[in-house]
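# Notes for the structure review
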Amino acid sequence: MKKEREQWGSRWGFILAAMGSAVGLGNIWRFSYAMGAGGGSTFLIIYLLSVLIIGFPVMLIEFAIGRRAQTDAIDAFKKLAPKSFWVVAGGMGVLAAFIILSFYGVIGGWSLKYIFTYITGGVSGDTETYFNGFVGSTIEPIGWQFLFMGITIAIVMLGVQKGIEASSKWMMPILSILLILLAIYSLTLGGASEAMTFMFHPDWSAFSDPSVYFAAVGQAFFTLSLGMGIMLTYGSYLSPKEKLPSSAVYIIILDTLFAVIAGLVVFPALFAFDIDPTQGPGLVFVVLPTIFQNISGLGAIVGVAFFILLALAALSSAISLLEVTVSYLIRRLGVSRKFATIGIGFVIFLVGVPSSLSNGAVTIKVFGDPFLDFMDKFSGNLLLPLGGLIITLYGTWSWKSNELLEYADLQDAFYAPALLFFAKFVAPIAILIILIFGMLNW
Ligand code: TRP
């Protein structure tokens, strides 16, 4: 007899779990370095438009496919569209999860290192020198990466995700309050007006640069956990009584607010202390300690709190990434959960080692970028949008419009015709053009 599938206890349980996956290093670490490198306001505008025009329809379609298939991404396409081209979307999702987690573990490790740094007093002296000294050493960052992956593996293996999900309930509100307080503080440091110009004053000439579109669309997919079927899987667990569009709206608004507020923390301080916005993945690890140094007396405590929350947010995303590859292996090879989790978790750790080394210890460049930046761009800016494109085309062209409207709870929505138009034409064409120009430009 078939076991009845579990469902989320409540709609808020579902929204929290989806937010746990969405809110992570992407909102703070990746958003600020991508926005710094992408010229600020131009990047921000294109990113916000991508969230609205591409992110919202893609998220709804992922939810709707999950709700119809009642299973995860790999099985969903096999079940709904057996032996067809669409099945590749599932396989690409597993590949994307594998690659993302390889470098996600490295940055998660950096967050753990900084918790330890702040427990033992914080960063004294130049924060950039401190950061470069740490990431430029060979063994130490790999050790922290190993620890972060070890914790992720232990949680997925023991199946204690529930604990992490429960902790999101208090963790996310605290993280958001801390971020807002830090933003207010950062705005008083003397760089506010420069930061406002950088973040919100559009530089129209920069809109002709295809690499900004490539980065901004990729960021939208990465931060919303879209394009690899994770949201599809979450959608399969939501009770049919609950409405999908409003759930998607909550997740998108909260995720976007986290990123914009993180920007308001990073950029005013960056201009106040003359830090280079285009320096890449180390940006928040240089800017935040500079802020904490200025909070006299309380800096170390705020630092500990901040990096603990960042590491927890990273952990809840890392768990959902590892779960994708683990459940694939269990099904594909019939191995035990324990074996699959330790085995693939260790392989992902090993694949992440060159990313860790590429920040100064060893020169490993691919297409002119350090290995970590390359893996990040390849998975976030290329694989996820491509996966999103296939998922969207499946939901809009292989399904009938009224099927999509029904499964996405859009029958009564006044904006349904506009949404269908965007999902069917605008989003796929935009993704395609941006991917082509982004690749040519790379
Ligand atoms: N959204 C996560 C973040 O912002 C990272 C991420 C991307 C992710 N794709 C995912 C997490 C898929 C879980 C599943 O940090």
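The structure under discussion appears in the preceding block.
Residues numbered from 1 in each chain as written. Predicted model: local features only at pLDDT ≥ 70, side-chain atom pairs only at ≥ 80, totals over all residues. Heavy atoms only, no water.

## Let's talk about the nonpolar core
Phe-306 and Phe-307 are the most contacted members of the largest nonpolar core, which has 164 residues in total. Top element by residues in this core is helix 5 (residues 88-119). It accounts for 18 residues. Residues in contact with Phe-307, not counting those within four places in the same chain, are Ser-111, Tyr-114, Ile-115, Tyr-118, Phe-285, Leu-288 and Phe-292. (Core = buried A, V, L, I, M, F, W, Y, C linked by side-chain atoms within 4.5 Å. Buried < 20%, exposed > 50% of the residue type's maximum accessible area, 1.4 Å probe, protein only. Helix = DSSP H or I, 4+ residues; strand = E, 2+ residues; numbered from the N terminus. Contact = heavy atoms within 4.5 Å.)

## Considering the site of the ligand
Near the ligand you find 15 residues, and of these Ala-22, Gly-26, Tyr-104, Phe-222 and Ser-320 are the closest. Here an oxygen atom of the ligand sits 2.9 Å away from a polar atom, N or O, in the main chain of Ala-22. The contact in question runs from a nitrogen atom of the ligand to an N or O atom on the backbone of Phe-222, over 2.8 Å. In the complex, 100% of the free accessible area of the ligand, which totals 360 Å², lies under the protein chains. When residues of the shell around the ligand are traced back to their parent elements, those giving at least two are helix 1 (11-22), helix 2 (25-37), helix 10 (210-223) and helix 14 (299-333). Classifying every residue of the shell around the ligand gives seven nonpolar, eight polar and no charged. (Near = heavy atom within 4 Å. Polar contact = N/O pair within 3.5 Å; in protein donor to acceptor, adjacent residues only side chain to side chain. Areas by Shrake-Rupley, 256 points an atom, 1.4 Å probe, with all protein chains shown as cover. Nonpolar A, V, L, I, M, F, W, Y, C, P; charged D, E, K, R; others polar.)

## Looking at a nonpolar patch on the surface
Taken together, the side chains of Trp-397, Phe-421, Phe-422, Phe-425, Ile-429, Leu-432, Ile-433, Ile-436, Phe-437 and Leu-440 present a nonpolar region at the surface, about 1,000 Å² in accessible area. A total of nine residues in the nonpolar patch trace back to one element, the largest contributor, which is helix 18 (residues 416-441). By the element assignment, Leu-432 lies in helix 18. (Patch = residues over 30% accessible without salt bridge, like charges linked within 9 Å, V, L, I, M, F, W, Y side chains within 5 Å. Salt bridge = Lys/Arg side-chain N within 4 Å of Asp/Glu carboxyl O.)

## Here we look at helix 6 (residues 127-136)
Within helix 6, burial applies to Thr-127, Phe-131, Phe-134 and Val-135. For helix 6, the buried positions fall inside an angular range of 90° around the axis, keeping them on one side. (Arc of directions from axis to C-beta.)

## Examining the packing of helix 2 against helix 16 (residues 371-398)
At a minimum axis distance of 13 Å, the contact between helix 2 and helix 16 shows a crossing angle of 100°. Between helix 2 and helix 16, the interaxial angle falls into the category roughly perpendicular. Between helix 2 and helix 16, the contacting residues are Trp-29, Arg-30 and Tyr-33 on the first element and Leu-372, Asp-376, Gly-380 and Asn-381 on the second. By residue class, the composition of the contact of helix 2 with helix 16 is three nonpolar, two polar and two charged. (Axes fitted to C-alpha atoms, helices over the stretch in contact; angles between N-to-C directions. Parallel < 35°, antiparallel > 145°, perpendicular 65-115°, else oblique.)

## Observations regarding the pattern of salt bridges
Think of it this way: side chains of opposite charge can pair up when their charged atoms draw near. Throughout the structure, instances matching the rule amount to eight salt bridges. A salt bridge links Asp-75 to Arg-331, with the nearest nitrogen and oxygen atoms 3.0 Å apart. With Asp-75 in helix 4 (residues 73-80) and Arg-331 in helix 14, this pair connects stretches of sequence that are 256 residues apart. Given the relative accessible area of 38%, Arg-331 is considered partly exposed. Lys-377 is paired through a salt bridge with Asp-369; the nearest N and O atoms lie 2.8 Å apart. Overall, the relative accessible area of 15% leaves Asp-369 in the buried class. Salt bridges sharing partners connect three or more residues here, namely Asp-72, Asp-75 and Arg-331.

## Quick notes on the packing of helix 2 against helix 5
At a minimum axis distance of 12 Å, the contact between helix 2 and helix 5 shows a crossing angle of 95°. Here helix 2 is positioned roughly perpendicular relative to helix 5, judged by the angle of their axes. The residues of helix 5 that touch helix 2, namely those facing Leu-25, Gly-26 and Trp-29, are Phe-103, Tyr-104, Ile-107, Gly-108 and Ser-111. For the contact of helix 2 with helix 5, the residue count by class is five nonpolar, three polar and no charged.

## Some thoughts on helix 15 (residues 337-357)
Given a rise of 1.5 Å per residue, 21 residues ought to cover 30 Å, and the 30 Å separating the end C-alpha atoms of helix 15 matches this to within 8%. Residue Val-351 marks the point of greatest curvature in helix 15, where the axis turns by about 30°; the proline Pro-354 follows within four residues. Three or more residues of helix 15 are buried, namely Ala-340, Thr-341, Ile-344, Gly-345, Ile-348, Phe-349, Gly-352, Val-353, Ser-355, Ser-356 and Leu-357. Residues of helix 15 that are buried sit in contact with helix 5, helix 6, helix 7 (139-158), helix 14 and helix 16. (Expected span 1.5 Å × (residues − 1). Bend = angle between axes of the 7 residues up to and from the residue.)

## Looking at unusual backbone geometry
At Lys-83, a residue that is not glycine, the phi angle is positive and equals roughly 55°. With respect to the element layout, Lys-83 can be found in the loop between helix 4 and helix 5. Residue Phe-367 is not a glycine yet carries a positive backbone phi of 50°. Positionally, Phe-367 belongs in the loop between strand 1 (365-366) and strand 2 (369-370).

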